[in-house]
Amino acid sequence: MQDGVTAEDLARRAAAGDRAALDRLLAELWPEVVRRCGRFLPCREDAEEAAQDVLLQVARHISGFEGRSRFSTWLYTVVANCCRMKYRELKRRAAEQPAVLEPAEHVDPRTTSVIAGSRIDLLEALDRLEREHPHLVAPLVYRDICQLEYAEVAERIGVPLGTLKSRLHEARKQVRPWLRGY
């Protein structure tokens, strides 16, 4: 961030009620939040919509940031939750209003992004994991998607490091068969 002021500093000031700090924090977070949302959602427009939701949630709930963990950890939680909610919303809308594809609009597998496909598979797998084993979702999201350190994830979800590693192992074992091509 500019002039040596970090996101942590801005977040603490914003949590204490400094509106200017919040405005600056939101403006400076935008590119990073869009990039992080893009890790979940393959379509740029969907990632940008989710990023807007993230910033709205940050603005609404910044007073709840107590500084016990790093702001980036708190932000990752908001990003993961907003992206998963956006995916569910898109999936629900698609089910409610099925699109009729013209023959020219069919997807050609030779030109479809492998990365985009794998992200859709991951979101589907996370949805299924949440239905079947909800306690395994957070370890998988924080460690494998948000790439937080093990100790930070354990602290974030409030379990001992050994428990985290066990849950992460189980989550990966559950999700692996649901991911196509892995």
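Look above for the structure.
These notes cover the structure that comes with them. (Residues numbered from 1 in each chain as written. Predicted model: local features only at pLDDT ≥ 70, side-chain atom pairs only at ≥ 80, totals over all residues. Heavy atoms only, no water.)

Relative to the assigned elements, Ala-11 resides in helix α1 (residues 7–15). When its relative accessible area of 0% is taken as the criterion, Ala-11 is described as buried. Between the alpha carbons of Ala-11 and Ser-63 there is a distance of 9.1 Å; along the sequence they are 52 residues apart. (Helix = DSSP H or I, 4+ residues; strand = E, 2+ residues; numbered from the N terminus. Buried < 20%, exposed > 50% of the residue type's maximum accessible area, 1.4 Å probe, protein only.)

To continue, consider the pattern of salt bridges. All chains considered together, the criterion is met by 17 salt bridges. Of the charged contacts in the structure, one is a salt bridge between Glu-48 and Arg-44, with a shortest N-O distance of 3.0 Å. Taken as a pair, Glu-48 and Arg-44 lie in helix α3 (residues 44–61) at a separation of four residues, close to a single helical turn. A relative accessible area of 27% places Glu-48 in the partly exposed class. Overall, Arg-44 belongs to the exposed group, its relative accessible area being 53%. Across the pair Glu-89 and Lys-86 runs a salt bridge, and its minimum N-O distance is 3.4 Å. Of this pair, Glu-89 and Lys-86 are both found in helix α4 (residues 71–96), three residues apart, which corresponds to roughly one turn of the helix. Here Glu-89 falls in the partly exposed class, since its relative accessible area comes to 24%. It is possible to trace a salt-bridge network through shared partners that takes in Arg-84, Arg-88, Asp-127 and Glu-130. (Salt bridge = Lys/Arg side-chain N within 4 Å of Asp/Glu carboxyl O.)

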